[in-house]
Amino acid sequence: MKITKMVQKCLLVLTACVLGAIGSQIDDRLAFKIASFNKCQMQENVPDDIMDDLFHSRNIEEIEDYKCVSKCLMEEYHTFENGKINVDNLTSALKGHWEDTAVGDRIVKGSIDCVNSVKENPDVCVYTYEFFLCLEDVLTKENTEF
């Protein structure tokens, strides 16, 4: 299974949402994003070109071989803790991100539906990756991206 451009964008949306919940200044959010990406890259031994593509939302079909990056990033943003997706933190991260509150509410609901529908997997990297695939569908239905 190849990761599509929308999965890349899902990762970036989640990153941006959480960063928006963490700090109000763009510089702080960007610094946190850079630090998180660097930490996860080193932790998961991901090649520079793949992380650069992920960071800049470019074609990164190879990311499937580095599923644990999604887990690492979610842990950094506290949306994945103790082997589970933290629905409260995920909701906080997503809530209010979209100017159109109706769209934001539907995305939050869709993300919670994803949490409930994605089968837990003892391989947490597969689990978080499959969550992102589901989130991709939610964003596609809303015709939104980051």
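Residues numbered from 1 in each chain as written. Predicted model: local features only at pLDDT ≥ 70, side-chain atom pairs only at ≥ 80, totals over all residues. Heavy atoms only, no water.

Chemist: Describe the packing of helix H6 (residues 101-117) against helix H7 (residues 124-141), listing the residues and the values that go with them.
Modeler: Contact geometry of H6 with H7 gives a least axis separation of 9 Å together with a crossing angle of 145°. H6 and H7 meet at a crossing whose hand is right-handed. For the pair H6 and H7, the contacting residues are Arg106, Ile107, Gly110, Ser111, Cys114, Val115 and Ser117 in the first and Tyr127, Phe131, Cys134, Leu135, Val138 and Leu139 in the second. Partitioned by chemical class, the residues of the contact of H6 with H7 number 9 nonpolar, 3 polar and 1 charged. (Axes fitted to C-alpha atoms, helices over the stretch in contact; angles between N-to-C directions. Helix = DSSP H or I, 4+ residues; strand = E, 2+ residues; numbered from the N terminus. Left-handed = near helix turned anticlockwise from the far one by under 90°. Contact = heavy atoms within 4.5 Å. Nonpolar A, V, L, I, M, F, W, Y, C, P; charged D, E, K, R; others polar.)

Chemist: Describe H7, with residues and values.
Modeler: The end-to-end C-alpha distance of H7 is 26 Å, a good match for the 26 Å that 18 residues give at a rise of 1.5 Å each. Counted residue by residue, H7 has 13 buried out of 18 residues, so it is predominantly covered. Note on H7: the residue one or two positions beyond its end, Asn143, has a positive phi of about 50°. (Expected span 1.5 Å × (residues − 1). Buried < 20%, exposed > 50% of the residue type's maximum accessible area, 1.4 Å probe, protein only.)

Chemist: Give me the state of the cysteines: which residues, what numbers.
Modeler: With the rule as written, the count across this model stands at 3 disulfides. Sulfur-sulfur distance for the disulfide between Cys40 and Cys72 comes to 2.0 Å. Around the S-S axis, the bridge from Cys40 to Cys72 shows a dihedral of about -85° and counts as left-handed. Here Cys40 is found in helix H2 (residues 26-44), whereas its partner Cys72 is found in helix H4 (residues 68-76), with 32 residues between them in sequence. The class for Cys40 is buried, based on a relative accessible area of 0%. Take Cys72: its relative accessible area is 1%, and that puts it in the buried class. (Disulfide = S-S within 2.5 Å.)

Chemist: Give a description of the nonpolar core that names residues and reports values.
Modeler: In this structure, Met74, Ile85, Leu90, Trp98, Ile107, Phe131 and Leu135 are the most contacted members of the largest nonpolar core, which totals 19 residues. Elements represented by at least two residues in this core include exactly helix H5 (87-94), H6 and H7. Of all hydrophobic cores here, the second largest spans 9 residues; its members include Cys40, Met51, Cys72 and Leu73. (Core = buried A, V, L, I, M, F, W, Y, C linked by side-chain atoms within 4.5 Å.)

Chemist: Quick rundown of the pattern of salt bridges? Include the residues and the values.
Modeler: Per the counting criterion, the structure on display carries 5 salt bridges. Of the charged contacts in the structure, one is a salt bridge between Lys84 and Glu120, with a shortest N-O distance of 3.0 Å. Of this pair, Lys84 sits in strand S2 (residues 84-85) while Glu120 sits in the loop between H6 and H7, and the two are 36 residues apart along the sequence. Judged by relative accessible area, which is 47%, Glu120 ranks as partly exposed. Across the pair Arg106 and Glu142 runs a salt bridge whose closest N-O atoms are separated by 2.8 Å. With Arg106 in helix H6 and Glu142 in the segment after H7, this pair connects stretches of sequence that are 36 residues apart. (Salt bridge = Lys/Arg side-chain N within 4 Å of Asp/Glu carboxyl O.)

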